[in-house]
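Each chain, written out:
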Amino acid sequence: MDLLTKIAESLWQVILVGLLLGAGLPALFAFGLRLLGSGTTATVDASGTQVRTRHPLATIGAGVCFAIIVIAIVTGILFIMADFLDHTFGIQLF
């Protein structure tokens, strides 16, 4: 019975990380793109040309979303390279 509970606990952790990284990061990217697109307003100036401006909060929110994605990608690459960095350069990250 102890083995079954350990397997269920491990399976739950794998499913949670898979959902977070497998579906969470693409959803966060889509949300960032949505913020970039929804924060624009169009106005016509005196010369008759259309001027599009973005809302600053939407731009900052999209930047935060994209920064989280970049940090997750760099962390994943460094996690994969941790053994190489330790062996070659003596750098221990994790």
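Calculation rules
- Residues numbered from 1 in each chain as written.
- Predicted model: local features only at pLDDT ≥ 70, side-chain atom pairs only at ≥ 80, totals over all residues.
- Heavy atoms only, no water.
- Patch = residues over 30% accessible without salt bridge, like charges linked within 9 Å, V, L, I, M, F, W, Y side chains within 5 Å.
- Areas by Shrake-Rupley, 256 points an atom, 1.4 Å probe, with all protein chains shown as cover.
- Salt bridge = Lys/Arg side-chain N within 4 Å of Asp/Glu carboxyl O.
- Helix = DSSP H or I, 4+ residues; strand = E, 2+ residues; numbered from the N terminus.
- Buried < 20%, exposed > 50% of the residue type's maximum accessible area, 1.4 Å probe, protein only.
- pLDDT = per-residue confidence, 0-100.
- Phe/Tyr/Trp six-rings, centres within 6.5 Å; stacked < 30°, edge-to-face > 60°.

K.L.:
Looking at this structure, I do not really get a nonpolar patch on the surface. What am I missing?
P.N.:
A contiguous nonpolar patch, built from I73, I77, F79, I80, M81, F84, F89, I91, L93 and F94 and spanning about 1100 Å² of accessible area, is present on the exposed surface. No other element matches helix α2 (residues 56-80), which puts four residues into the nonpolar patch. Relative to the helices and strands, F79 resides in helix α2.

K.L.:
What should I look at first to understand the pattern of salt bridges in this one?
P.N.:
Side chains that differ in charge, positive against negative, can pair when their charged atoms come close. Throughout the structure, instances matching the rule amount to one salt bridge. The shortest N-O distance in the salt bridge between K6 and D2 comes to 3.7 Å. Highlighted residues: K6 and D2, both in helix α1 (residues 2-38), separated by four residues, approximately one helical turn. Assessed through its relative accessible area of 51%, K6 is described here as exposed.

K.L.:
Got a minute to help me understand the confidence of the model for the protein in this structure?
P.N.:
Detailed reading of predicted coordinates is not advised where the pLDDT is low. Averaged over all residues, the pLDDT of the protein equals 90, while 100% of them reach at least 70. Within the protein, strand β1 (residues 40-44) has the poorest average pLDDT of any element, 78, and α2 the best, 94.

K.L.:
Honestly, the packing of aromatic side chains in this entry has me stumped. Any pointers?
P.N.:
Overall, the coordinates contain three aromatic pairs when judged by the stated rule. Between F79 and F94, the ring centres sit 5.4 Å apart and the planes meet at 70 degrees, which makes this aromatic pair edge-to-face. Note that F79 is positioned in helix α2 and F94 in the segment after α3 (82-89), a separation of 15 residues in sequence. In this pair, the class of F79 matches that of F94, namely exposed. Relative to F89, the ring of F84 lies with its centre 6.1 Å away and its plane at 90 degrees, an arrangement referred to as edge-to-face. Its relative accessible area of 47% is what places F84 among the partly exposed residues.

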